[in-house]
Structures are given as structure tokens and as C-alpha cells.
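Summary of structural features
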Amino acid sequence: MTWLLVALMLVVAAAGLLRWRRPAWYWLTFGVTLAALRVLVRYGSVMDACGLTVPAPRWRLALARMADRPVPSPRAPRILRVRPTRTGLVLRLKLRPGQDAFDVSASADRLRHSFGMYGVTSRELRSGVVELRMTGYDVLRRVQMPSLAADTGPMRVPVALREDGSVHYRDYRAVPHALTLGATESGKSVYQRNLVAGLAPLNVALVGIDCKQGVELFPLARRFSALADNPDTAADILDALVAHMEDVYRLIRSHQAISVSVPDAEIAADIWDLPEDIRPVPVVVLVDEVAELALFANKEQEKRRDRIITALVRLAQLGRAAGIYLEICGQRFGSELGKGITMLRAQLTGRTAHRVNDETSANMAFGDISPDAVLAAITIPAEARGVAIAGDSTGGWHRIRAPHTSLRQALNLCNKHADRTPHLPGLDAFRPALNTPAPVPAPAVESAPAAA
Ligand SMILES: Nc1ncnc2c1ncn2[C@@H]1O[C@H](COP(=O)(O)OP(=O)(O)OP(=O)(O)O)[C@@H](O)[C@H]1O
């Protein structure tokens, strides 16, 4: 089967040779065919050299001895499937008795060198079956997302590419709340813009709190149901969201009351169990530069800060069932921001860290999840803007990079789907005004006296 696939690819490559101007697909097929051939031809010897073989079973050794035949060679994991991809190859392997998935992942770097690939990663699919993903080039250098129509779900958006060539999704139903950290100019806003662009075509309400005076989110206002560009409005929006959450809980309760006679499985526990006609629209709350909400200079601001953090903690603790999801973004998010912050952070299961300048910042994202991810986050080079480490509470992590979506592209997408912007009762007062703002005079700059 494997060789049939390779033969087919060779035929395609040969067909391309006959054409004078070879199209892009030709070079892609040609490269993947060469890589597949190289891997399959070298497979046995490479696995042996990397210590991924086991001796032949005793009965075969005994048979060889009786028949006076040469000793059977050690056996490498059996190839179950070879799948060429746009970025390389995916091999599915059945491990031999005595091998485990850790052996393969520990040898990933050796396999990468031996097969002449750019990257090799492995993951266990089920007991005894491992998937090896090989990439032929640095897929994060210029991110090109594959077409994905089939893989999106109700609250699942493709947001970046992983280094193994697979797509990184933000799945709100699996991981309701997330934290994105990164030093200045590391790519947080571009990542968040990709999220907005991914969510825009879905049936979801977007609520934005942009503490950078609205420069990131206000241009996308037509797709937002509520927006705040200062901590005072943010506090009011969050209070309104807590009230909305309580209303949704009351709705779920009332629906449970009329369905007590139906079987258990049909009793609603969250909005997704409610019939579609009464289901409230899910809400994604995007907060940019969260630290601004936690800073205060006087007693009045301290009261406002406590109000904001309390509302965020309540939404993080109880929001999931009511379909309220938090997406929090900032440069740092640790205990130095005061009480309630670590409690809030503990509820943010999804973690993404762009380049950070010190280990403490990386620890804020991954310290309680995976020490390897901390190391990976602090070794992201400064020039690799947009590259990030994405992990979750299971301890797994990936190196990812979002496509470089410009503000104009995101704005066009938001305008295209502006008619999908739902009205949230209670949040109408915060709906952004869509008239063109009056031009603001440039800040006065005092000219410095000329140096003598
Ligand atoms: N995924 C990406 N691919 C390519 N370039 C990127 C990517 N993400 C960010 N960049 C580049 O890095 C620059 C800074 O990105 P961005 O504004 O998102 O950083 P930031 O972390 O939000 O910074 P700040 O905290 O100062 O606002 C962008 O102008 C862009 O040129």
C-alpha cells in the first residue's frame, strides 16, 4: 500500500516533468515524493541506528537455528500508514512488544537528522500506536494556513499553525478560558486579531475591553456587541456580563423545571443542552492589556480594580455553562498585580506565551503546567515575532505561529460579518457608536532647545 502511494506520487511527478512551465503543485509533489522515498528507503536502518528496534521473537530465532538459516534481523515498528501532507509526511507506527511511545519521542531529534527532515514530532494515538509527523522545512517561517472548512466547529476556530504542520485550534467548548502573555512587540495583538477574524463568521457575541485606548479592537467595532476602552467602562461591562450570566442560569433552571420527566441525558446543564430556539448566544470576552485593569493610584481606583477583578473571577468560575468565555491578553499576569489575580489565572486553562523577557513571566503562563514549556517560551528569539508556545493544563504544549493578519484584513472580515453582531440585552449601552470619530489633534510636542 505504502509503495503503491509512492509509485502514484512518482507518476504525478513524472507528469509534471512533461510540462514546460512546472506549476507549484509539481514542486510540492516532487519534494514530498523525494522525502517519502528517503524515509521509506532508510526506515529500517535509521530505526536500528536510533535504538528503535527489538530483537526478533524467540520462535523465529529458534526456527532459524533449526533450519540453519541466518539470524533474523531486529524489527522496527511496523508502518501502518504513510500520509503525505503539504508540509511533509505523517507516519503511523505500530510499536513492537517492549517499546513505548516515550522511546520514539526521545529519539525525535535523532530521527530528524537521520531522515534529513526539518522537524520530527511524535504523539501517542492509542496504546501501541504512535504518529510521527515530519516537516521538510520551517513551516513557521511564513505561515500558510491550509483550507479548513471541514474542521471548524460551533466554537472552534483555527488560529495558528503548529511547528509539525498541523493546525492549532482555539476550541472554546474544550478550553473555555485562556491567557495569552508576551513581551511588547511579541505578537499578542496579531494573535488576538486572528481570533477575532476566526470568530467573526460564527454565531457568537464579541465583547472587547481594550486598555490600549481601543487602538486594537475599536477598528473592528462593527462585529463587537460591546466595547470598552477605559477601566470605568470595563467595570460596567463586566458587571453587565455577570448579570447576563445570572439570567442565563435562570433560563437553564427554568428549562430543567419543565423537563424533569424526560430522561436524565436530556436535562440541560449548560447552554449547549438547551434547544436551539431558546439557546442564548455564546459570548467571547476579549481583554487586551489586562494589567491596566489591575493597576490603581488612589482609593477610588482601588475600589474599581476590586470590582473588575471580582467580576472577572466570577465569570471565569461560572461563565462556561452560561456560554461566556474569557480571552485574556497581557504582558505579565502574576501575583504582583494584587489579590485575586492568581485565583483568576488558575481558571484560565488555555495558555499561550509569546516571547517573554524573563523566566518569571514564562512561569506565569506555564510554571504550574510544564517546565519544558517555560524553557521553550524564554528561548523564542526576539526576531521571531508571532511565534508562541501554546499549552494547556494537561502538560502538553506546541510551538505555534499565527498567520500575519493585518488590521485591514481583520477589519474587512468584521465588516463583512457585521450583520451577525447580536444585541445582548443589558449590554446595549456599550455597543460601539459607528459614526466616524472627529479627528483628534496631535499631541503638542515642545521643541527642545538647540544644544550649544
Ligand atoms: N504571526 C506573525 N507573523 C509575522 N509577523 C508578526 C506576527 N505577529 C506579530 N508580528 C509582527 O510583530 C509586530 C508586533 O506585533 P503585535 O502588535 O501583535 O505585538 P504585541 O505583543 O501586541 O505588542 P504590544 O504589547 O507592544 O502591543 C507586528 O507589527 C508584526 O509586524
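Per an unreviewed UniProt entry, the protein chain goes by the name FtsK/SpoIIIE domain-containing protein and belongs to Streptomyces werraensis.

Okay, the sheet that holds strand S2 (residues 88-94) next. Read across the open sheet, the four strands follow the order S1-S2-S4-S3; overall the sheet is antiparallel. Where the open sheet ends on each side, the last strands, each with one partner, are strand S1 (78-84) and strand S3 (119-126). Across the sheet, the mean angle from the axis of one strand to that of its neighbour is 20°, orientation sign disregarded. Here seven bridges tie S3 to strand S4 (residues 129-135), and the two strands are oriented antiparallel to one another. Each bridged residue has a counterpart across the sheet, and for Ser122 the counterpart in S4 is Leu132.

Gly187, Ser189, Val190, Arg385 and Gly386 are the nearest of the 13 residues found near the ligand. It is helix H6 (residues 188-199) that provides the largest number of residues to the shell around the ligand, a total of three residues. Of the residues belonging to the shell around the ligand, the class tally is two nonpolar, seven polar and four charged.

Right, let's talk about the domain arrangement of the protein chain for a bit. One can read the domain layout of the protein chain as domain 1 (2-135) and domain 2 (149-430). Across the contact, seven residues belong to domain 1 and four residues belong to domain 2. Listed by contribution, the elements that provide at least two residues to the side of domain 1 that touches domain 2 are S3 and S4. Residues belonging to the side of domain 1 that touches domain 2 are distributed by class as follows: no nonpolar, six polar and one charged.

A word on the environment of Pro219. Here Pro219 shows up in the loop between strand S8 (205-210) and strand S9 (224-228). Sequence separation between Pro219 and Asp232 is 13 residues, and the spatial gap between their C-alpha atoms is 20 Å.

With that out of the way, let us pick up H6. Spanning 12 residues, H6 covers 17 Å between terminal C-alpha atoms, matching the ideal 16 Å at 1.5 Å per step. Counting buried positions over the 12 residues of H6 gives 12, a clear majority of the element. Listed as buried for H6 are Lys188, Ser189, Val190, Tyr191, Gln192, Arg193, Asn194, Leu195, Val196, Ala197, Gly198 and Leu199.

Parameters and conventions
- Residues numbered from 1 in each chain as written.
- Predicted model: local features only at pLDDT ≥ 70, side-chain atom pairs only at ≥ 80, totals over all residues.
- Pairing = 2+ DSSP bridges.
- Helix = DSSP H or I, 4+ residues; strand = E, 2+ residues; numbered from the N terminus.
- Axes fitted to C-alpha atoms, helices over the stretch in contact; angles between N-to-C directions.
- Near = placed C-beta within 6 Å.
- Nonpolar A, V, L, I, M, F, W, Y, C, P; charged D, E, K, R; others polar.
- Domains from an automatic or database assignment.
- Contact = placed C-beta atoms within 7 Å.
- Expected span 1.5 Å × (residues − 1).
- Buried ≥ 20, exposed ≤ 12 C-beta atoms within 10 Å, placed from the backbone.

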